[in-house]
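Listed here are the chains, written in short residue letters.
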Amino acid sequence: MRAFCERLLALVVALSVLCVAASAARADAYDDALAHFLADSFDETIEGINAVVASGHPLAEKVIEALQAGRLLFSAEQKRVFFKDEGDRLVDAASGAPSPAAAPADLAPVRLNNRLRRIIEAALGGLTLMSPNPAKRLEAAQAVFKSKDANALPALDQAIAKETVARIKRALTEAHAAVILYLDSASQADKIDAVAVMRDRGDQDALAVLRGLPADTPPTVKQLAADAVAAIERTLALWETVQNAWYGISLGSVLLLAAIGLAITFGVMGVINMAHGEMVMLGAYTTFVVQEVIRTRYPGLFDYSLFIATPLAFLIAGFVGVLIERGIIQFLYGRPLETLLATWGLSLILQQVVRTAFGPTNKDVGNPSWMSGSFDLGHITVTYNRLWIVLFTLLVFALLLALLRYTRLGLEMRAVTQNRAMAASMGIRTGWIDAMTFGLGSGIAGIAGVALSQIDNVSPNLGQGYIIDSFMVVVFGGVGNLWGTLVGAFTLGIANKFLEPFAGAVLGKIAILVMIILFIQKRPRGLFALKGRAVEA
Amino acid sequence: MFIPIRAAAARPLTRRWLIAAAGLAFGAGLAGPAQAQDTIKVGILHSLSGTMAISETTLKDVMLMLIEEQNKKGGLLGKKLEAVVVDPASNWPLFAEKARELITKDKVSVVFGCWTSVSRKSVLPVFKELNSILFYPVQYEGEESERNVFYTGAAPNQQAIPAVDYLMSKDGGEAKRWVLAGTDYVYPRTTNKILEAYLKQKGVAQTDIMINYTPFGHSDWQTIVSDIKKFGSAGKKTAVVSTINGDANVPFYKELGNQGVKATDIPVVAFSVGEEELAGLDTKPLLGHLAAWNYFQSIKSPVNDTFIKTWQTFTKNPKRVSNDPMEAHVIGFAMWVKAVEKAGTINPDKVIDALPGTEAPNLTGGMSKMLPNHHITKPVFIGEVRGDGQFDVVWKTPGLVPGDAWSDYLDGSKDLEADWVTLKCGNYNKVTQKCGGS
């Protein structure tokens, strides 16, 4: 019994000595690894990262994460490495304890470049495959997929066995497949399975993996990979058509927003308003002013800035529109050339007024947080800013249709469009309707400006970029008809975006303009011309 | 004829008025021409409105500061310097008109101006005809060396070629596929021709190069960024070389950020994007994208620190940024002042002959020298975008690189050399031993 206890004790002592020795060795390896960060050289930092990961020290993950976020600091004088934790406290990297002394004077961040960032992503991927946080596990799986690091294979196998969330399990399996395909020592059967996994994934990243296979891959695998590439390319070609259609819709919605105000003024009054682009510009500047006020006084409201700016832009641009109509246009009815010249001169005046008031350089209009970023739908990318603009355009269009159909003002506008003389005889005040129509058209242009400020530069010349496009849409779609404008705008947008991949941006635009010229030869009234006896009057 | 005057002079009051008037006229006559020679006029020809205003307005401001600083030191040749500012409004023909106005009407001795190569090409005939001096501070495509122009910005061998070398290196990512994206005018078109020839010489296949042009002010980048992503998914590391100019860069970088194109996957190196263009952007999604310049505000040196302090005091804005074309104006202005002092006159021919060989300090340390081909020696830096809109230098040339006006990679120009000191020619053909003339 006593001998047994003695042997047990010896075993325990031996084991604990081994553990201490192992952790001391680990700690030594870790301390040596940290020393690499003191050299302030990119190559040394890479060695440091690899050594820290290899040491297996419990603090390794924290150190690499801090390095990625630019929070790993070193002091060349004191020869110590620190990092800042979540609470922004300085922590000694060797011990993990908060640094008691004050920060050294020469504390500098460990520098990074793109090559280092890729190595860090791969390293973190390997370290965090079994993190308790599911988002981190997914990121780790994606990182290993990109890095194809063979050292992560055992950790991957473990993680796949333990994973419960289906999406993450699939990502881990795909990462595993990517590593296998680039591993010389993997068996042919494993590689064939990996090709099948890539084919199932079927997106651009899978294509990249299958196309870049190393030269010494067995020929059967290469053949299967080539077949998979062809299949994925066919699927992606279909999705690309959908993607181009989406881009066309988003471009069309921008054209529609800009042109719909013009359709109303041109349609109802036959007035060629060259200052329409400046109404858009006024709306964009209203957004800028609203955001400036919010930035200085109520920073918390920034995400709602667009909701505040939209009604304001409508009122301001509409008010300016009414002023223009009462002040200039009403004296020039029946004289289209003079109206054109007068409104052109007015557009120059408005541009210069804004230039004098705000300065000639671009103004910084920020995107609220819900307008940044994108999400994947099938195999296409949808950016949030474009998505919201499309929805916003459709909403504005629907409201406008409702206004024209269900309100008295809309009824009177339509009456004046169809037959001015008759409408006047029925007691409608055509002068007042003209002013309101112009105000409505300009107000909608102002709202368009709010939307455009999110995707384009805000400068006094903003309107110049959209006036030609607006006229193009109105002429193509048919004057006076809102549905014509809608169809015209989306047709032009989609046509432009399908031409662009082949012809480039410049030639694509030229081709569209030539197409419109030819179309107008055949149908001078546009797609949906208004029928009526007195439309010309 | 003198009878009425004599009759008037006979009357005492009228006589007094006559004498006073004569005295005034005589005095004014003397003072007049003397007043016209009291200041030396310096023309500033930069767009203060339009698509290029985002980049050029700050150059006008730095010139005003340099002139003020020189006047504090006592001016030049005993006279004060006077700035004459005009706004050619990003309108290229207007650049030529305004240049003519500066030289003939305002009688400036030198012009500091232009940014886009098309604006420079527009004003060249004016400077040649009227024999004035232009200091051009912006990186450009080379293939030019004019007697009346001094190029203080980078030639392709001082910016574009080192940037491509960096991207091909291990640190840069060993790029094998290239997207050359630019604005549609002479600078990107010529630079891309040079880069295409250079890449092919380095063994890159035609199918691994994608070239794309967009108009000034282009704002719908969805298709192009999507094409870049597609081109980059061929299994080889892809890099983008961007010669996009002006405010089209803002929606381009926003779209890159929105579509998730990270610098670690597809790095974008830009030649016309500096601290000024990044000032209006949220740069966190752009971390790691690159720019190639000969100066970055973040480079620490005593000369640079003093300059930034003076600049921020002058503009009354402690957050105002400085950039490479500003440094080019600082160097160019210092060289012009030295040359005028050496020549002892503002006569353009004498100043032009005095300029080659002058030296002026680089803001990042060392001295820059004006070469016989009217280019200067510059260090080359590659910087990565930081979250705060500044750049981290990740690579630099070991020494100063002399500017080469005629690229060695294009057939039409590899035999040409420019030398205004001994050969008195801007495009001397070394093979046929003949000067091409202008």
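Predicted model, so just to flag it, every value in this text is computed and none were measured.

Visitor: Give me the lowdown on the overall build of chain B, citing residues and values where you can.
Guide: Tallying secondary structure elements over chain B gives 13 helices and 19 strands in all. By principal-axis analysis of the C-alpha atoms, chain B measures approximately 105 × 55 × 40 Å. Within chain B, the proportion of its 438 residues that are buried is 52%. Across chain B, every contact between residues at least 6 apart in sequence was considered, and the portion connecting residues at least 24 apart equals 68%.

Visitor: Tell me about the overall build of chain A, and please be specific about residues and values.
Guide: When helices and strands are tallied, chain A shows 19 helices and six strands. Taken against the 2.2 N^0.38 rule, which gives 24 Å for 537 residues, the C-alpha radius of gyration of chain A at 33 Å runs more than 25% over that of a compact globule. Seen through its C-alpha atoms, chain A measures out along the principal axes to roughly 120 × 65 × 45 Å. Among the 537 residues that make up chain A, the fraction classed as buried is 43%. Taking the contacts inside chain A whose residues are at least 6 apart along the sequence as the reference set, 69% of them involve residues at least 24 apart.

Visitor: I'd love a proper account of the sheet that holds strand β3 (residues 90-92) of chain A, names of residues and values included.
Guide: All names here are of chain A. Across the sheet, which stays open at both edges, the four strands sit in the order β3-β2-β1-β4 with antiparallel pairing between neighbours. Every interior strand has two partners, whereas the edge strands, β3 and β4 (108-109), have only one. When strand β1 (residues 72-75) meets strand β2 (residues 80-84), the two strands line up antiparallel, connected through four bridges. What sits directly across from Phe-74, in β2, is Val-81.

Visitor: Go over the packing of helix α15 (residues 408-418) of chain A against helix α17 (residues 430-452) of chain A, please, and point to the residues and values.
Guide: Residue and element names in this part refer to chain A. Relative orientation of the contacting elements α15 and α17 amounts to 105°, with a least axis distance of 10 Å. If you check the angle between α15 and α17, you find them roughly perpendicular. Note on element contacts: α17 touches α15 through Thr-430, Ile-433, Met-436 and Thr-437, opposite Leu-409, Glu-412, Met-413 and Val-416. For the contact of α15 with α17, a count of residues per class yields five nonpolar, two polar and one charged.

Visitor: Please provide a residue-by-residue account of unusual backbone geometry, values included.
Guide: Residues and elements named next belong to chain B. Of note, Lys-316 is a non-glycine position whose phi angle comes to about 55°, a positive value. Here Lys-316 shows up in the loop between α11 (302-314) and α12 (324-343). By the C-beta count within 10 Å, which is 7 here, Lys-316 ends up exposed. If you check the backbone angles, Gln-433 has positive phi at about 55° while not being a glycine. Counting through the fold element by element, Gln-433 comes out in the loop between β18 (425-429) and β19 (434-435). By the C-beta count within 10 Å, which is 7 here, Gln-433 ends up exposed.

Visitor: Could you give an account of the sheet that holds β19 of chain B, with specific residues and numbers?
Guide: Residues and elements named next belong to chain B. Taking strand neighbours across the sheet as the criterion, the three strands line up as β17-β18-β19 in an open arrangement whose pairing is antiparallel. Two strands in the sheet have a free side with no partner beyond their single neighbour: β17 (416-419) and β19. The pairing of β18 with β19 spans two bridges and is antiparallel. Pairing of Tyr-428 across the sheet is with Cys-435, part of β19.

Visitor: I'd like to hear about the environment of Ala-339 of chain B, residue by residue, with values.
Guide: Residue and element names in this part refer to chain B. Within the secondary structure, Ala-339 is located in helix α12. For the pair Ala-339 and Leu-195, spaced 144 residues apart in the sequence, the C-alpha separation amounts to 35 Å. Once residues lying within four places of it in the same chain are set aside, the contact partners of Ala-339 are Val-351, Ala-354, Leu-355 and Thr-358.

Visitor: Mind laying out the interface of chain A and chain B, listing which residues take part and the relevant values?
Guide: Residue-level contacts link 40 residues of chain A with 42 residues of chain B. Here the element with the most residues in the side of chain A that touches chain B is helix α19 (residues 482-522) of chain A; it accounts for six residues. Taken together, the residues of the side of chain A that touches chain B break down into ten nonpolar, 18 polar and twelve charged.

Visitor: Could you give me a rundown of the pairing of strand β15 (residues 391-396) of chain B, with the residues and numbers involved?
Guide: Residues and elements named next belong to chain B. Inspection of the sheet shows strand β14 (residues 381-385) paired to β15 by five bridges, in the antiparallel sense. Residue Ile-382 lies in a different strand from β15, and its bridge partner there is Trp-395. Turn length for the β14-β15 hairpin, with the two strands adjacent in sequence and antiparallel, is five residues, and the turn residue Gly-389 shows positive phi of about 85°.

Visitor: Mind laying out helix α5 (residues 117-130) of chain B, listing which residues take part and the relevant values?
Guide: Residue and element names in this part refer to chain B. For α5, built from 14 residues, the straight-helix expectation of 20 Å at 1.5 Å per residue is met to within 8% by its first-to-last C-alpha distance of 20 Å. Of all the bends found along α5, the most pronounced is centred on Val-123 and spans about 35°, while Pro-125, a proline, follows it within four residues. Inspection of α5 places Ser-117, Ser-119, Arg-120, Ser-122, Val-123, Val-126 and Phe-127 among the buried residues, and these make up the whole buried set. Buried residues along α5 sit in contact with α4 (92-105), β4 (134-136), β5 (149-151) and α7 (186-201).

Visitor: How would you sum up the packing of helix α11 (residues 276-297) of chain A against α17 of chain A? Please name residues and give values.
Guide: For any two helices packed against each other, the geometry is given by the interaxial angle and the distance between the axes. Residues and elements named next belong to chain A. Running from amino to carboxyl end, α11 crosses α17 at an angle of 50°, the nearest separation of the two axes being 6 Å. Viewed along their axes, α11 and α17 adopt a mutual orientation that is oblique. Between α11 and α17 the crossing geometry is right-handed. On the side of α11, the interface is formed by His-276, Met-279, Val-280, Met-281, Leu-282, Gly-283, Ala-284, Thr-286 and Thr-287, while α17 contributes Ser-442, Ala-445, Gly-446, Ile-447, Ala-448, Gly-449, Val-450 and Leu-452. When the residues that make up the contact of α11 with α17 are grouped by side-chain class, the tally is ten nonpolar, seven polar and no charged.

Visitor: Help me get a handle on the confidence of the model for chain B, residues and values and all.
Guide: The predicted structure's coordinates, where accompanied by low pLDDT, should not be read in detail. Per-chain confidence: chain B averages 89 in pLDDT, with 91% of residues scoring 70 or above. Per the prediction output, this complex has pTM 0.83; the corresponding ipTM is 0.82.

Visitor: Outline the environment of Trp-92 of chain B, supporting the account with residue identities and numerical values.
Guide: All names here are of chain B. Inspection of the secondary structure puts Trp-92 in helix α4. For the pair Trp-92 and Cys-114, spaced 22 residues apart in sequence, the C-alpha to C-alpha distance is 9.6 Å. Discounting residues that sit within four places of it in the chain, Trp-92 has contacts with Val-118, Ser-119 and Ser-122.

Visitor: Before we move on, can you summarise the confidence of the model for chain A with the specific residues and values?
Guide: Scored by pLDDT, chain A has a mean of 86; 96% of the residues are at 70 or more. Here residues 533-537 of chain A is modelled with pLDDT under 50, and outside its nearest four sequence neighbours on either side it reaches five contacts, counting other chains as well.

Visitor: How would you sum up the nonpolar core? Please name residues and give values.
Guide: Judged by nonpolar contacts, the single largest core of 121 residues is most densely connected at Ala-99, Val-111, Ala-163, Val-164, Val-241, Val-269 and Ala-292 of chain B. At ten residues, the largest contribution of residues to this core is made by α12 of chain B. With 75 residues, the next largest nonpolar core counts Ala-258, Ala-284, Ile-433 and Val-479 of chain A among its residues.

Visitor: Go over the pairing of β18 of chain B, please, and point to the residues and values.
Guide: Residue and element names in this part refer to chain B. Here β17 pairs with β18 via three bridges, running antiparallel. The residue bridging Leu-416 from the neighbouring strand is Asn-429, located in β18. Taking the residues between adjacent antiparallel strands as the criterion, β17 and β18 are bridged by five residues, where Lys-424 takes a positive phi near 50°. Linkage of β18 to β19, two consecutive antiparallel strands, is achieved through a turn of four residues, within which Gln-433 is found at a positive phi near 55°.

Cut-offs and rules
- Residues numbered from 1 in each chain as written.
- Chains lettered and ligands numbered in written order.
- Predicted model: local features only at pLDDT ≥ 70, side-chain atom pairs only at ≥ 80, totals over all residues.
- Helix = DSSP H or I, 4+ residues; strand = E, 2+ residues; numbered from the N terminus.
- Buried ≥ 20, exposed ≤ 12 C-beta atoms within 10 Å, placed from the backbone.
- Contact = placed C-beta atoms within 7 Å.
- Rg over C-alpha atoms; globule rule 2.2 N^0.38 Å.
- Pairing = 2+ DSSP bridges.
- Axes fitted to C-alpha atoms, helices over the stretch in contact; angles between N-to-C directions.
- Parallel < 35°, antiparallel > 145°, perpendicular 65-115°, else oblique.
- Nonpolar A, V, L, I, M, F, W, Y, C, P; charged D, E, K, R; others polar.
- Expected span 1.5 Å × (residues − 1).
- Bend = angle between axes of the 7 residues up to and from the residue.
- Left-handed = near helix turned anticlockwise from the far one by under 90°.
- pLDDT = per-residue confidence, 0-100.
- Core = buried A, V, L, I, M, F, W, Y, C linked by C-beta atoms within 7 Å.

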